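Here is what each chain is made of, one letter per residue.
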Amino acid sequence: MTVLKTIRGAFDLRRPLARVGAVLSVLALAACQPIEMGASGPQTGQSIDPSQPVPVALLVPGGTGSADLDWLARSLSNSAKMAAADARGATIDLRIYDSGSEPGTAVAMANRAVADGAKIILGPLFADSANAVGNAMAPQGVNVLSFSNNTDIAGGNVFVLGNTFDNVADRLVKYGVRNGKRRIMMVAEDDTAGQVGARAIQRAIQRNGATLAGTAVHPLSKTGIDGIVPNVAQAALSGNVDAVFLTANQGAVLPYLTDKLADAGVSSASVQMMGLTRWDQPSARLQLRGVQGGWFAIPDTTMKAQFDQRYRAAYGETPHELGSLAYDGVAAIAALVRAGKRNALTTSGLTQSAGFAGVSGAFRLKRDGTNERALAVATVRAGQVVVLDPAPRSFGGFGF
């Protein structure tokens, strides 16, 4: 059995992908503008005096000796500093702590931060660390805005800021149903992330009135994928399937799986292909024959491009793709403080129904600790990304 070399994707960030000058007023004004507050009810979090500096702790995965994690830690730190500097009408007292990659270190840093006066925690990145920090902060009434996208840790005083599989699956299935793709076959890896992704796809299918037309689960090996391709091809080309939805979370899976399916006649020319991961990253994927015409979800790129340009001008390097999460977190807090909300850091403040206009598009936090993010539906044509359905700009518009 040949085992595929794997790269951990967005869900399991134990090993993330390696991948200030003048302020642009449009970003500073547009990012994270609050519109209304959420409903009242049971909540966690600290009350504040919005006229005074608000102590915010940022936990970043620095201090591990890993070049990738150090880059990510720099990106999160610098992005948070940019947001704090942009916070006109609110003063954010940002304190940054290296929390490494282990839960024990993260908890120790969170406790130190609260002892230093922090009223809310931004980070940490890894799901197990965020869960441990949330448990440690709960008795102290401090909310945690983690950079994880693992919804298993969400709830209580823990919120996830990362884009979730549920967001992607729901966006694609909803778009598919609108375009006559109601009978959806799912192909998933048998690892933890693949199965979490599979459950997200199943929920999206049920939520949007589609039909699960079949499921194929494969091991993370070439022989494992080879073993399912004939059955997938038979089902996909039977006339009873409108779309094939791939989790393909591990980096080595997508090229091999889509190539083998294309060999078997399964491509978007015969049945609509859909993907839970970014089919445009890394850019070499755009040349894969099996992704041509497939659907995947991407954030609104307009504000992100401006943010990346500002960041490069200020710090002389490209930010990590997850760095903007720290900007969004700080900017959302600052917007609520600027609005004079004493409950800005509480559940009711953070979960305002209108959400925020973030660097990567509109987003909002939900009371169950998960989030909703506005996404565009994109495809690949002749090796180029083409947006089929733009990301909504607010939660009052189409798509939510």
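Here the structure is a predicted model, which means the values were calculated and not measured.

A. Inspection of the environment of L246 at higher detail. For L246, the position within the fold is in strand β8 (residues 243-246). By relative accessible area, L246 is classed as buried at 0%. Along the backbone, L246 and M186 are 60 residues apart, and their C-alpha atoms lie at a distance of 6.0 Å. Leaving out residues up to four positions away in the same chain, L246 has contacts with V187, L254, L257, T258, L261, M273, M274, G275, L276 and W279.

B. Local environment of the packing of aromatic side chains. This structure, assessed with the given rule, holds six aromatic pairs. Ring centres of Y311 and Y315 lie 4.9 Å apart, and the angle between their planes is 50°; this geometry places the pair in the tilted category. One end of the pair is Y311 and the other is Y315, both in helix α9 (residues 301-315) and four residues apart, which spans about a single turn. Y315 gets classed as partly exposed once you look at its relative accessible area, which sits at 29%. Where F356 meets F363, the ring centres are 5.5 Å apart and the plane angle is 35°; that geometry is what we call tilted. Using a relative accessible area of 3% as the deciding quantity, one classes F356 as buried.

C. The pattern of salt bridges, seen in detail. Counted according to the given criterion, the structure contains 16 salt bridges. D259 is the salt-bridge partner of R289, the closest N and O atoms lying 2.8 Å from each other. Taken together, the positions of R289 in the loop between β9 (272-275) and β10 (296-299) and D259 in helix α8 (residues 253-263) put the pair 30 residues apart, joining distant regions of the chain. Classification of R289 as partly exposed rests on a relative accessible area of 44%. The closest approach of N and O atoms between D263 and R289, which form a salt bridge, is 2.1 Å. Taken as a pair, D263 in helix α8 and R289 in the loop between β9 and β10 lie far apart in primary sequence, 26 residues in all.

D. Geometry of helix α2 (residues 67-86). The terminal C-alpha atoms of α2 lie 28 Å apart, and with 20 residues this matches the ideal 28 Å at 1.5 Å per residue to within 8%. Of all the 20 residues making up α2, 14 are buried; the element is thus mostly covered by neighbouring parts of the structure. Measuring from the side-chain oxygen of the N-cap residue of α2 to the backbone nitrogen of D68 gives 3.4 Å; that N-cap residue is S66.

E. Spotlight on the nonpolar core. Counting residues in each nonpolar core, the largest one holds 45 residues, and the members touching the most others are I92, L145 and F147. Going through the elements one at a time, β1 (54-60), α2, β2 (92-98), β3 (120-122), α9, α10 (324-338) and β12 (361-365) are the ones with two or more residues in this core. Take this core: its biggest share by element is 10 residues, from α10. Listed in part, the 34 residues of the second largest apolar core include V253, V291, F296 and A374.

Cut-off values and rules
Residues numbered from 1 in each chain as written. Predicted model: local features only at pLDDT ≥ 70, side-chain atom pairs only at ≥ 80, totals over all residues. Heavy atoms only, no water. Helix = DSSP H or I, 4+ residues; strand = E, 2+ residues; numbered from the N terminus. Buried < 20%, exposed > 50% of the residue type's maximum accessible area, 1.4 Å probe, protein only. Contact = heavy atoms within 4.5 Å. Phe/Tyr/Trp six-rings, centres within 6.5 Å; stacked < 30°, edge-to-face > 60°. Salt bridge = Lys/Arg side-chain N within 4 Å of Asp/Glu carboxyl O. Expected span 1.5 Å × (residues − 1). Polar contact = N/O pair within 3.5 Å; in protein donor to acceptor, adjacent residues only side chain to side chain. Core = buried A, V, L, I, M, F, W, Y, C linked by side-chain atoms within 4.5 Å.

By themselves these figures say nothing about function.
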